[in-house]
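Below are the chains, spelled out letter by letter.
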Amino acid sequence: GLVRVTIPAKWSEAVRSDNQEFVADGNSDFFGIDSSNRTLRAIFRFNLSNVPADAQFISASLRVNVESAVNVAASSWKIGPYNSNGQADAEVDSAATALSRADVGSNNYVSVTSYRTTGVKTDAIGVADCLGHLQAAKTAGTKFSLAVRETSEATGSEHQVGVSEYNEASPAALLLFY
């Protein structure tokens, strides 16, 4: 039978275009454009070690708790693999590298609009590429990372979303069926 597992993020950060990283800083992980016209992207890392080695993924979703949504009524967001396949570790990457590897503008699984309002949001990301990346990450080790960015990243005015950090009560979670 099918098994559903919820894997909370074991690490997350917001990375900003002025080469600043924000990890477990007591604030939300933000993505979009801040009030100083800087790009923000979020990265979430999940530990797959409790998933059986022979698991064959058939479905994946990302759940986040949107804590704030500022000027995003017309925005959309891209969710995709950190560093093209989800296997790199943003925790050890410099801010500049993390920002670049979190650019899922063209290499993404889905585009969503659900972050326009606050609350818990769950978006299906289990397209073929995602399921293949999850399978490869499980085979290669135990970590899989996702990145989220605002689709246009158009500067000129603040428009950003803040979601719960990994160490808060309602962290991002990967919902898997295998």
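That block above? That's the structure.
Here the structure is a predicted model, which means the values were calculated and not measured.

Asks: Just checking my understanding: could you explain the pattern of salt bridges for this structure?
Replies: When the charged atoms of two side chains lie near each other, side chains of opposite charge can form a pair. Per the stated rule, a full pass over the model turns up eleven salt bridges. Arg45 is the salt-bridge partner of Asp89, the closest N and O atoms lying 2.7 Å from each other. Here the residue Asp89 occupies a position in the loop between strand E6 (77-81) and helix H1 (95-101), and Arg45 occupies one in strand E4 (residues 39-47), the gap between them amounting to 44 residues. Classification of Asp89 as buried rests on a relative accessible area of 17%. Looking at Arg45, the relative accessible area reads 10%, which means it is buried. Salt-bridge contacts for Glu153 lead to Arg149; the nearest nitrogen and oxygen are separated by 3.5 Å.

Asks: Looking at this model, I keep getting lost on the nonpolar core. Mind explaining?
Replies: Ranked by internal contacts, the top residues of the largest apolar core, which has 35 residues, are Leu62, Ile79, Tyr115, Ile125, Leu134, Leu146 and Leu174. The residues contacting Leu174, other than those within four sequence positions of it, are Val5, Thr6, Ile7, Phe46, Leu48, Ser61, Ile125, Leu134, Phe144 and Leu146. Counting residues in each nonpolar core, the second largest holds twelve residues, with Trp11, Ala88, Ala95 and Ala102 among its members.

Asks: How should the environment of Pro52 be read in this particular structure?
Replies: Assignment of secondary structure puts Pro52 in the loop between E4 and strand E5 (59-70). Using a relative accessible area of 33% as the deciding quantity, one classes Pro52 as partly exposed. Discounting residues that sit within four places of it in the chain, Pro52 has contacts with Lys138 and Tyr178.

Asks: Where do I start with the packing of aromatic side chains in this structure?
Replies: Between two aromatic rings, the relevant description is the distance of the centres plus the angle of the planes. Enumeration over the complete set of coordinates arrives at three aromatic pairs. Seen in terms of ring centroids, Phe57 and Tyr178 are 6.3 Å apart; in terms of plane orientation they differ by 85°. Their pairing is edge-to-face. Residue Phe57 is found in the loop between E4 and E5, and its partner Tyr178 is found in the segment after strand E11 (173-177); the two are separated by 121 residues along the sequence. Of the residues examined, Tyr178 reaches a relative accessible area of 18% and is grouped as buried. An aromatic cluster is built from Phe31, Trp77 and Tyr115, whose rings are joined through pairwise contacts.

Asks: Would you take a moment to explain the side chain of Arg149 for this structure?
Replies: With respect to the secondary-structure elements, Arg149 resides in strand E9 (residues 143-150). A distance of 2.5 Å separates a polar atom in the side chain of Arg149 from a polar atom in the side chain of Asp103. Excluding residues within four positions of it along the chain, Arg149 makes contact with Arg41, Ser76, Trp77, Lys78, Ala102, Asp103, Val104 and Gly105.

Quick notes on the rules
- In every chain, residue numbers begin from 1 and rise along the written sequence.
- The predicted origin of the model limits local features to residues at a pLDDT of at least 70 and limits the giving and counting of side-chain atom pairs to 80 or more, whereas totals for whole chains, interfaces and linings rest on all residues.
- Derived side-chain values reflect all non-hydrogen atoms in the structure, with water molecules and hydrogen atoms excluded from consideration.
- Salt-bridge detection follows one rule: a side-chain nitrogen of Lys or Arg within 4 Å of a carboxyl oxygen of Asp or Glu.
- By definition, any uninterrupted DSSP run of H or I lasting at least four residues is a helix, any uninterrupted run of E lasting at least two residues is a strand, and each is numbered from the N terminus.
- Only protein chains enter the accessibility calculation, which uses a 1.4 Å probe; a residue whose area is less than 20% of its type maximum is buried, one above 50% is exposed, and one in between is partly exposed.
- In this text, buried Ala, Val, Leu, Ile, Met, Phe, Trp, Tyr and Cys residues form a nonpolar core when linked through side-chain atoms within 4.5 Å.
- Note on contacts: a residue pair qualifies if any of its non-hydrogen atoms lie within 4.5 Å across the two residues.
- Here a pair means two rings of Phe, Tyr or Trp (six-membered ring of Trp) with centres within 6.5 Å. Their orientation is stacked below 30 degrees between planes, edge-to-face above 60, and tilted elsewhere.
- Nitrogen and oxygen atoms within 3.5 Å of one another constitute a polar contact, given that in protein one can donate a hydrogen and the other can accept it, and given that sequence-neighbouring residues count only through two side-chain atoms.

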